[in-house]
Amino acid sequence: MTKKRITLWIFIIIVASLWVLSLDMSPKRDLKYGVSFSRFHSDELKLDWKKTYVAMLDDLKVKHFRFTAHWSLIEPTEGVYNFSELDFQIREADKRNASYVLAIGHRLPGWPECHTPDWANNLSKEDKQEKVLRLLETLVQRYKNSKGLLYWQVENEVFLGFFGRSACGEVDADFLDKEIAFVRSLDSDHEILVTDSGEFGTWYQAYQRGDVFGTSIYLYVWWRNALGPLRYPITPAFFRIKQNLIRLIYGAKPSIVIELSSEPWLLQPIVDTPIDIQLQRMGIDKFNEMIDFSSETGFDTFYLWG
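Quick summary incoming for the structure in this document. (Residues numbered from 1 in each chain as written. Predicted model: local features only at pLDDT ≥ 70, side-chain atom pairs only at ≥ 80, totals over all residues. Heavy atoms only, no water.)

## Quick notes on the state of the cysteines
Taken as a whole and assessed by the stated rule, the structure comprises one disulfide. A sulfur-sulfur separation of 2.1 Å characterises the disulfide bridge that pairs Cys114 with Cys168. The sign of the 120° torsion about the S-S bond sets the Cys114-Cys168 disulfide as right-handed. Of the two residues, Cys114 sits in the loop between β3 (99-104) and α6 (125-143) while Cys168 sits in helix α7 (residues 165-168), which places them 54 residues apart along the sequence. Cys114 sits in the buried class, given a relative accessible area of 6%. Residue class for Cys168 comes out partly exposed when judged on its relative accessible area of 21%. (Disulfide = S-S within 2.5 Å. Helix = DSSP H or I, 4+ residues; strand = E, 2+ residues; numbered from the N terminus. Buried < 20%, exposed > 50% of the residue type's maximum accessible area, 1.4 Å probe, protein only.)

## A closer look at the packing of aromatic side chains
A complete count under the given rule lists 20 aromatic pairs for this structure. With centroids separated by 5.4 Å and ring planes inclined at 20°, the aromatic side chains of Phe65 and Phe67 adopt a geometry described as stacked. An identical accessibility class is assigned to Phe65 and Phe67; each is buried. Judged by centre distance (5.1 Å) and plane angle (55°), the ring pair of Trp203 and Phe213 falls under tilted. One end of the pair, Trp203, is in the loop between β5 (191-196) and α9 (204-209); the other, Phe213, is in strand β6 (residues 212-217), and ten residues separate them in sequence. (Phe/Tyr/Trp six-rings, centres within 6.5 Å; stacked < 30°, edge-to-face > 60°.)

## A word on the pairing of β5
It is a general feature of regular strands that their side chains alternate between the two faces of the sheet. Where burial is concerned, most of β5 is hidden: five out of the six residues are buried. Pairing between strand β4 (residues 149-154) and β5: three bridges, direction parallel. Bridging from a neighbouring strand, Trp152 pairs with Ile192 of β5. Relative to β6, β5 runs parallel, the two being bridged by four bridges. Within β6, the position partnered with Asp196 by the bridge is Thr215. Considered for its hand, the β-α-β crossover made up of β5, α9 and β6 is right-handed. (Pairing = 2+ DSSP bridges. Right-handed = clockwise from strand over helix to strand, strands pointing away.)

## A look at the side chain of Ser261
Along the chain, the position of Ser261 falls in strand β9 (residues 255-261). The buried category is assigned to Ser261, whose relative accessible area is 2%.

## Comments concerning the sheet that holds β4
With parallel pairing, the eight strands of this closed barrel are ordered in space as β1-β2-β3-β4-β5-β6-β9-β10. For this sheet the average axis-to-axis angle between neighbouring strands, irrespective of direction, equals 30°. Note that strand β1 (residues 32-37) and strand β2 (residues 64-68) share three bridges and pair parallel. Bridging from a neighbouring strand, Val35 pairs with Phe65 of β2. (Axes fitted to C-alpha atoms, helices over the stretch in contact; angles between N-to-C directions.)

## Quick look at the pattern of salt bridges
Evaluation of the coordinates by the stated rule reveals 16 salt bridges. Two residues, Arg96 and Asp58, come together in a salt bridge whose shortest N-O distance is 2.6 Å. Of the two residues, Arg96 is situated in the loop between α5 (84-95) and β3 and Asp58 in helix α3 (residues 49-58); the sequence distance between them amounts to 38 residues. A relative accessible area of 21% means that Arg96 is categorised as partly exposed. In this structure Asp58 comes out as partly exposed when scored by relative accessible area, which is 31%. (Salt bridge = Lys/Arg side-chain N within 4 Å of Asp/Glu carboxyl O.)

## Considering the layout of surface pockets
If you add up the space inside the largest pocket, you get close to 950 Å³. Going through the elements one at a time, α2 (39-44), β7 (220-222) and β9 are the ones with two or more residues in the lining of the largest pocket. Residues belonging to the lining of the largest pocket are distributed by class as follows: 20 nonpolar, ten polar and seven charged. In this model, the second largest pocket occupies a volume close to 390 Å³. Together, 21 residues line the second largest pocket, and His106, Gln129, Cys168, Glu170 and Asp172 are the ones closest to its centre. Elements with a minimum of two residues in the lining of the second largest pocket: α6, α7 and α8 (173-186). Tallying contributions element by element places α6 first for the lining of the second largest pocket, with four residues. Classifying every residue of the lining of the second largest pocket by side-chain character gives nine nonpolar, five polar and seven charged. (1 Å grid on protein atoms, 1.4 Å probe; cavity = no way out; pocket = protein on both sides within 12 Å on 5 of 7 lines; lining within 4 Å. Points joined across faces, edges and corners; volume = space filled by probe spheres on them. Nonpolar A, V, L, I, M, F, W, Y, C, P; charged D, E, K, R; others polar.)

## So, the environment of Gly214
Considering the arrangement of structural elements, one finds Gly214 in strand β6. Residue classification places Gly214 among the buried positions, given a relative accessible area of 0%. Once the C-alpha coordinates of Gly214 and Val257 are considered, the two residues, 43 residues apart in sequence, prove to be 5.4 Å apart. If we skip the residues at most four places from it in the chain, Gly214 touches Leu193, Val194, Thr195, Asp196, Ile256 and Ile258. (Contact = heavy atoms within 4.5 Å.)

What follows is the structure, given as structure tokens:
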């Protein structure tokens, strides 16, 4: 067989394999949409966070949430905890039979990713990690019996090392393993969700570690460089291929989209951006595109971010 023919057969096999992996192999399913909510993000938007949250519950009838226990809000002073905001969110969700994922740890959703209280900024790496473990224990013991608790999300997209490195430092997979094992030892009744980036993540590191895998979907971004606003040149098949490949190698497990982008990606805070620019970056046309796109990725559960 000639070298050209061998090359052709290799090309055909690769194309055929990608085509098979791009197929939606999941059974027919009902799609479920929820939202991420945090006091931290509401404050950034200069909203009354309680009114905003209650409106989600009562006006939008949201039944599935991801809450975030940002360290800087939970423990603003060392050893002195503020649970009032998170208690309120969970209590009101329980009243309405809503479910929730609770994200805990140091690196949690929202720039700059790691939300370190001022008192912990100058701690050594080892001391800071011990304080994080103490925070995890405090949160798990307080909320593990909550009626609507679905999963513990331990940290957020840890393996997306280049994003948030200035605040989070280098990737420490060993410490993530320690956190996961510690949370499991404190609560064996709830599964652990570990997340990775949809577009840039390799997935396998996060996928292996959690009981449930979570990823993100972003299409419209604006990197701080000369490229300007752009749409990633991907289709839903990109996510189907990744999902089918990771399941083929590591086995099937529950997998969800924990962060479906539904906000404008901007170079300055939303409240400082003219509304016409916001609508260019994420108007109703792009929002509908995100919903349609997500429905074809092979996932069935999505939490909107924004």
